[in-house]
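If you want the building blocks of each chain, they are given just below.
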Amino acid sequence: MIEITNLEKEYKTGKQTMKAVKSVNLTIHEGEILGIVGESGSGKSTLGKMIIGLEAPTSGTITYNGKPLWQKNKYLRPRPGEIQTVFQDPQSSLDPRMRVKDIIMEPLLGLPSSDRKEKGDLNKLVELMKRVGLKEEHLDRFPHEFSGGQRQRIAIARALITDPSFIVLDEPTSALDVSVQAQVLNLLKELQRERQLTYLFISHNMEVIRYMCKRVAVMYKGELVEVGETQDVFENPQHPYTEKLLSSVLSVPTEEIAGGVPVAKGYF
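Residues numbered from 1 in each chain as written. Predicted model: local features only at pLDDT ≥ 70, side-chain atom pairs only at ≥ 80, totals over all residues. Heavy atoms only, no water.

A. Broad picture of a negative patch on the surface. The grouping of Asp102, Glu106, Glu136, Glu137 and Asp140 at the surface amounts to a negative patch. Along the polypeptide, Glu106 turns up in the loop between α3 (100–105) and α4 (113–119). (Patch = residues over 30% accessible without salt bridge, like charges linked within 9 Å, V, L, I, M, F, W, Y side chains within 5 Å. Areas by Shrake-Rupley, 256 points an atom, 1.4 Å probe, with all protein chains shown as cover. Salt bridge = Lys/Arg side-chain N within 4 Å of Asp/Glu carboxyl O. Lys, Arg positive; Asp, Glu negative; His and termini not counted. Charge placed at Lys NZ, Arg CZ, Asp CG, Glu CD. Helix = DSSP H or I, 4+ residues; strand = E, 2+ residues; numbered from the N terminus.)

What follows is the structure, given as structure tokens:
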């Protein structure tokens, strides 16, 4: 679905140049959950921002279903709403002056009027609210009236309203309490299966990556130092930095089977 080739991002401050992303090559397959893991400043969020159009690459290419996403610093958006994102902190990503209904429906403003009418149907909106664990009466409330977990569910509903195929999840649970993290992770997994979504899941938490992702890419100082099946990377890391990340992981189970369905436990 997404092909990243020799991607770089530089920031200039006065006479100094800092490379946030260095010659990254990566493929994201349709229908998978690919994890990007690394400590703060590794370049993982910058990579996500270039995919969704918030940052322009300095060099290199990103293609989506074979078509370039960037050309001469201009983002060539695919179908409006095709690519969506869920940010780290729902308290800052939701407009405090807007009611929940308007927040969720705002992405529809970029769609043709016929699509806006179809996807903005009240019955569909209520159905979506219930699917992410919220209630119809929540539509007329403001973000400050909700807990952190509920606010992130609102952000997830906002991302889903346009029926996207690809979602960048940038540390979507790191700002939440441990018990709430597990609930949101389970919801994201269920939605991915139901809607056949493709996720780029950005995190610094190796346990979350192990639970969520089939493949993982490790970033260190802007470079992609290791890519592989999650189980292989955890059991046989090939790079010293990956070993360092894994050394900090607690040896506790991250899932249990309930009725045959994996369920995250609150260890994150």
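Read on for the rest.
B. Spotlight on the pattern of salt bridges. All chains considered together, the criterion is met by 11 salt bridges. Ionic pairing is found between Asp95 and Arg97, a salt bridge with its closest N-O pair at 3.3 Å. On the basis of relative accessible area, Asp95 is assigned to the partly exposed category, the value being 24%. Take Arg97: its relative accessible area is 71%, and that puts it in the exposed class. The network of salt bridges with common partners includes Lys119, Asp163 and Arg195. (Buried < 20%, exposed > 50% of the residue type's maximum accessible area, 1.4 Å probe, protein only.)

C. Geometry of the nonpolar core. Among the nonpolar cores identified, the biggest contains 51 residues, and Ile104, Ile156, Phe201 and Met212 are the most heavily contacted of them. In this structure, Ile4, Leu47, Ile62 and Phe166 belong to the second largest nonpolar core, which totals 27 residues. (Core = buried A, V, L, I, M, F, W, Y, C linked by side-chain atoms within 4.5 Å.)

D. Spotlight on the pairing of strand β2 (residues 16–28). Relative to β2, strand β1 (residues 2–13) runs antiparallel, the two being bridged by nine bridges. Paired with Glu3 across the strands is Thr27, a residue of β2. (Pairing = 2+ DSSP bridges.)

E. Fine view of the sheet that holds strand β3 (residues 33–37). In space, the six strands of this open sheet follow the order β8-β9-β10-β3-β11-β12, with mixed pairing throughout. Each edge of the open sheet is held by one strand with a lone partner, namely β8 (83–86) and β12 (223–229). Geometrically, the sheet is characterised by an average inter-axis angle of 20° between neighbouring strands, direction not taken into account. Relative to strand β10 (residues 198–203), helix α1 (residues 44–52) is tilted by about 150°, and along the sheet it contacts β3, β8, β9 (166–170), β10 and β11 (215–220). Helix α10 (residues 240–247) contacts β3, β11 and β12 of the sheet and is inclined by roughly 105° relative to β11. (Axes fitted to C-alpha atoms, helices over the stretch in contact; angles between N-to-C directions. Contact = heavy atoms within 4.5 Å.)

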